[in-house]
Every structure is written in C-alpha cells, then in structure tokens.
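Survey of secondary and tertiary structure
Next come the chains, spelled out residue by residue.
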Amino acid sequence: MITAAVAMTTAVFLASCGGEKFKVSGQITEATDSVLYFENMALDGPQVVDSVKLSADGDFAFSGEAPLDAPEFYRLRIGQQIVNISVDSTENIVVKAQYPTMASGYTIEGSENCSRIRELAIKQIQLQARARQILNDPSLSARAVEDSVLSIVDAYKKEVMVDYIYKEPMKASSYFALFQGIAVGPAYMMVFNPKRDIDDVKPYSAVATSWDMLYPNSLRGENLHNIALEAMKTKRIVDAENTPLEIDADKVSEADLIDIVLPDNKGVTRRLTDLKGKVVLLDFHMFAAEGSAARILALREIYNKYHDRGLEIFQVSLDKDEHFWKTQTAALPWVSVRETGIASQPYLYQVTTLPVDYIINRANQVVKGPQQIKNLEADIAAQL
C-alpha cells in the first residue's frame, strides 16, 4: 500500500554516471522457489531492476548505480509482501526476513534511513489494522466510521510530523513518510493529503526546503513543491468561489517556502511572504552571541549597498531576553522579529547553529541555504 503511493508521486530514477555501486543483500527464508523482485520506485510505477528465484537458504544479492542527485527508493517484493529501501550513495544494506511475514518481520542493517523507514512501515501496518477494525465494526454508522478513521489518521499524522518529518526533514525517511496511506474499503487514503487538508502543505514544504538545500534541482524536491503548489492553487479556487467579490483574489499570497509569522520589535506582526517581489536575506541571529556586533556591521554594509536595488533583510532573533533584543534592534533598518518559546519556525529551517542565512528570490523561493552560500554579498547581488 505504502509503496504504491510512493510510486505514483515520486520522480524518475536518477542513474549515476560515476560507476559507484550500492548493494542490497540478505536472506528471505521459507520462500523456496519464490521469485524475489528488486524494484525501483519510479514516478510511473515500480520498475523491475533485477530478480532472483530463491533457493532453500534464501540468499540474495542485488546492486545498482549509486544515486548522485538525491536519495533513491527501491523495494524488495515477493507477491504482496514488501520491504522498502532508500539508497543515498554506496551503502551495503543487509535484509533478513521470513516469508510470508517479511513486510512486518524483517530486520535491516547498513542504513539509518532504511531503519527509520522500517519503523514507519510497521506503524503504517498498525494504522491499517486499526482502520480495518473500525471498518468491520457493525455497531458503527457510515458517518461514525468516517469520523473514526479520520481521527486515527490525524493522530498518526501528528506523531509522524513531530517524530520524523519536522525532526529530520532532510532524511529520505521523512520524504517516504509523506506518501504513506491506508486502504479504506475500495479506496486508498493518503495520510498526508494537501488537497484534503491544506495544513498538510507545511510538512511537504519542510521536506522540500531541506531537499532544495541538500539536493538542489533534484526531481524529487521539485515534485514536492509541485504537490504543495497544486494544493494551494486548489485552495485559492475554492476560496475565490466562497469569497465576497469585494475581496481581491490577487491579494492571496502563494509561497514556495516555509512562511515565518512573528511580531517585530515594535509589536507589529510580520510575515516573510509579505516580502515577495524583494530579494530577501533570511538571517537567524542571536545578539547575545559572541561576534554579533561585527556581524551586524557587515549586514548593515550589505543592506545599505543593495537595499535600493530591492534587498530586504528578515532577521529572526533567538535571544531569550526580550528587552535586550529590543534594545539591540531599535536602530536597525530591516525587519527584526524574535522567536519565543520553542523555536518551532527556525527549527523547520534546520537552525541548529547560529548564525544561519537563506537567500530568497523575488518569487518567494529559497535559492540558497547555508551549505550553498560561499560569498554572501556576491550571492545576494546575483539575485538582484
């Protein structure tokens, strides 16, 4: 079930031209004479890469070209029993299982991502079992069945967002989580579905932003953006149909990034997406940190030089002392906001050390992150 959804929504296989290989091997016992397929999960469906007829010992070994652009997804399959695998480079992944319970009873070594995917697969199987119990409960009305299924899916969704997606959005396991689902009668229900719940755009955007930074221009990252943008377009159409005519539909903003909404040093709510049309330096900073004064002076020079050409700075402070922060930012000419409590919004931008910068183009798209920025001023000037 899970992999069928991945197949429909992920991008085509990116072959490596460097000649380096990954390997997937192991044993599937109790499956003598069964055919074990090794399949790549491509956009247009599973593509068979290799297969083997298992002997009594169940040994198998497959290999493939190491992906260069982004993690790639595969599966081992006997009939409807499936083991999902992600490959980042030249891993040596070892899978051991017993048929016919390999989907839920396998072990995997050699890849942290694959171990996390196994956790998610087991959780999905448990979710499916709970949904099946609800569907088979004769005491429930059709409406009660629908409400109960949606309730357990929403609870599962929150758990996965906290423990996987927002915790490590750059991981292949987080990408995999976005495409999980369950069978509900004859239909297949995606856990994360931005067309059903527009808030589901947020986890898609979180993973897409991380993949943009680590795997720029990858087809999978682009695919995530397309899903999120399509959902926002659908929402705008629905909103327009239910919105009084005096409200201008053109005022609805569309963002290709995770928005940040926080009060500034004067108490005014500021949105990162309100700066669409400007080149934005998104700067995460702490004024109490060593070297802050020198950094602020350097940013002032860049701001003064390029502001008239369309540069804005959206600076997010993580200082704990609000009064100190307000004092330090009182004379700054750019947008200064402060994250309070748990740093949830910086967390989505992978802020684990400070300072951290992102460059956003005039179309509200993150074009460079901390890993790609080599010369801050030159990279900003290139966007102007």
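Residues numbered from 1 in each chain as written. Predicted model: local features only at pLDDT ≥ 70, side-chain atom pairs only at ≥ 80, totals over all residues. Heavy atoms only, no water.

It is worth spelling out the overall build of the protein at this point. A tally of regular secondary structure across the protein gives eleven helices and 17 strands. For the protein, contacts bridging at least 24 residues in sequence account for 64% of all contacts bridging at least 6. Only carbon and sulfur atoms are counted for the fraction: they give 51% of the accessible area of the protein, which is about 18,500 Å². (Helix = DSSP H or I, 4+ residues; strand = E, 2+ residues; numbered from the N terminus. Contact = heavy atoms within 4.5 Å. Areas by Shrake-Rupley, 256 points an atom, 1.4 Å probe, with all protein chains shown as cover.)

The strands making up a sheet are joined through hydrogen bonds of the backbone, oriented either antiparallel or parallel. Read from one edge of the open sheet, five strands run β15-β14-β13-β16-β17, paired in mixed fashion. Looking at which strands have only one partner, the edges of the open sheet turn out to be β15 (335-338) and β17 (366-368). Strand-to-strand twist of the sheet, defined as the mean angle between neighbouring strand axes without regard to direction, takes the value 30 degrees. In this structure, strand β13 (residues 279-285) lies alongside strand β16 (residues 356-360), joined through five bridges in antiparallel fashion. Paired with Leu281 across the strands is Ile359, a residue of β16. Across the sheet, helix α8 (residues 292-306) touches β13, β14 (311-317) and β16, and the angle it forms with β14 is around 155 degrees. (Pairing = 2+ DSSP bridges. Axes fitted to C-alpha atoms, helices over the stretch in contact; angles between N-to-C directions.)

With that settled, consider α8. Across its 15 residues, α8 extends 21 Å between first and last C-alpha, which sits within 8% of the 21 Å expected from 1.5 Å per residue. Along α8, the positions that sit buried rather than exposed are Ser292, Arg295, Ile296, Leu299, Ile302, Tyr303 and Tyr306. The buried side chains of α8 occupy one side of the element, clustering within an arc of 125 degrees when seen end-on. Opposite its buried face, α8 presents the exposed residues Ala293, Ala294, Leu297, Glu301, Asn304 and Lys305, each directed more than 90 degrees away. On its buried side, α8 packs onto β13, β14, β16 and α11 (376-383). (Expected span 1.5 Å × (residues − 1). Buried < 20%, exposed > 50% of the residue type's maximum accessible area, 1.4 Å probe, protein only. Arc of directions from axis to C-beta.)

Turning our attention to the pairing of strand β7 (residues 92-98). In summary, the side chains of a regular strand alternate between the two faces of the sheet. Across the two faces of β7 the burial differs, with Ile93, Val95 and Ala97 buried and Asn92, Val94, Lys96 and Gln98 not buried at all. Here seven bridges tie strand β1 (residues 21-29) to β7, and the two strands are oriented parallel to one another. The partner of Val24 across the bridge, within β7, is Ile93. Note: β7 against strand β8 (residues 107-109), three bridges, orientation antiparallel. Pairing of Lys96 across the sheet is with Thr107, part of β8.

Our focus in this paragraph is the sheet that holds strand β6 (residues 81-87). An order of β3-β2-β5-β6 is seen for the four strands of this open sheet, with the pairing classed as antiparallel. Two strands lie at the open edges of the sheet, namely β3 (45-53) and β6, each paired on one side alone. For this sheet, the mean inter-axis angle between neighbouring strands, taken without regard to orientation, is 25 degrees. As paired strands, strand β2 (residues 35-42) and strand β5 (residues 72-78) are joined by four bridges and run antiparallel to one another. Along β5, the bridge assignment pairs Phe38 with Leu76. Packed onto the sheet, helix α3 (residues 112-135) meets β5 and β6 and runs at close to 145 degrees relative to β6.

Attention now goes to the nonpolar core. Ranked by internal contacts, the top residues of the largest apolar core, which has 39 residues, are Phe73, Val160, Ile165, Leu178, Phe192 and Leu224. Those elements that place two or more of their residues in this core are α3, α4 (142-165), α5 (172-177), β10 (187-190), α6 (201-214) and α7 (219-241). If you tally residues by element for this core, the top one is α4, at nine residues. In this structure Ile165 touches Val160, Ser174, Ala177, Leu178, Phe192, Pro203 and Val207, once residues within four positions along its chain are discounted. (Core = buried A, V, L, I, M, F, W, Y, C linked by side-chain atoms within 4.5 Å.)

This paragraph deals with the environment of Pro46. Tracing the chain through its elements places Pro46 in strand β3. Take Pro46: its relative accessible area is 35%, and that puts it in the partly exposed class. For the pair formed by Pro46 and Arg75, sequence separation is 29 residues and the distance between their alpha carbons is 8.6 Å.

Attention now goes to the packing of α8 against α11. In contact at an axis separation of 11 Å, α8 and α11 are set at 20 degrees when each is read in the N-to-C sense. The angle between α8 and α11 falls in the class roughly parallel. By crossing handedness, the relation of α8 to α11 is classed as right-handed. Taken together, the residues of α11 that come into contact with α8 (itself represented by Leu299, Ile302, Lys305 and Tyr306) are Leu376, Glu377, Ile380 and Ala381. (Parallel < 35°, antiparallel > 145°, perpendicular 65-115°, else oblique. Left-handed = near helix turned anticlockwise from the far one by under 90°.)

Right, let's get into the packing of α3 against α4. Two elements in contact, α3 and α4, have axes separated by 9 Å at closest approach and are oriented at 165 degrees. Relative to α4, the element α3 is oriented roughly antiparallel. Handedness of the α3/α4 crossing: right-handed. Taking contact as the criterion, the partners of Arg116, Glu119, Leu120, Lys123, Gln124, Leu127, Arg130, Ala131, Ile134 and Leu135 in α3 are, on α4, Val145, Ser148, Val149, Ile152, Val153, Tyr156, Glu159, Val160, Asp163 and Tyr164. Here the contact of α3 with α4 is composed, by residue class, of twelve nonpolar, two polar and six charged. (Nonpolar A, V, L, I, M, F, W, Y, C, P; charged D, E, K, R; others polar.)

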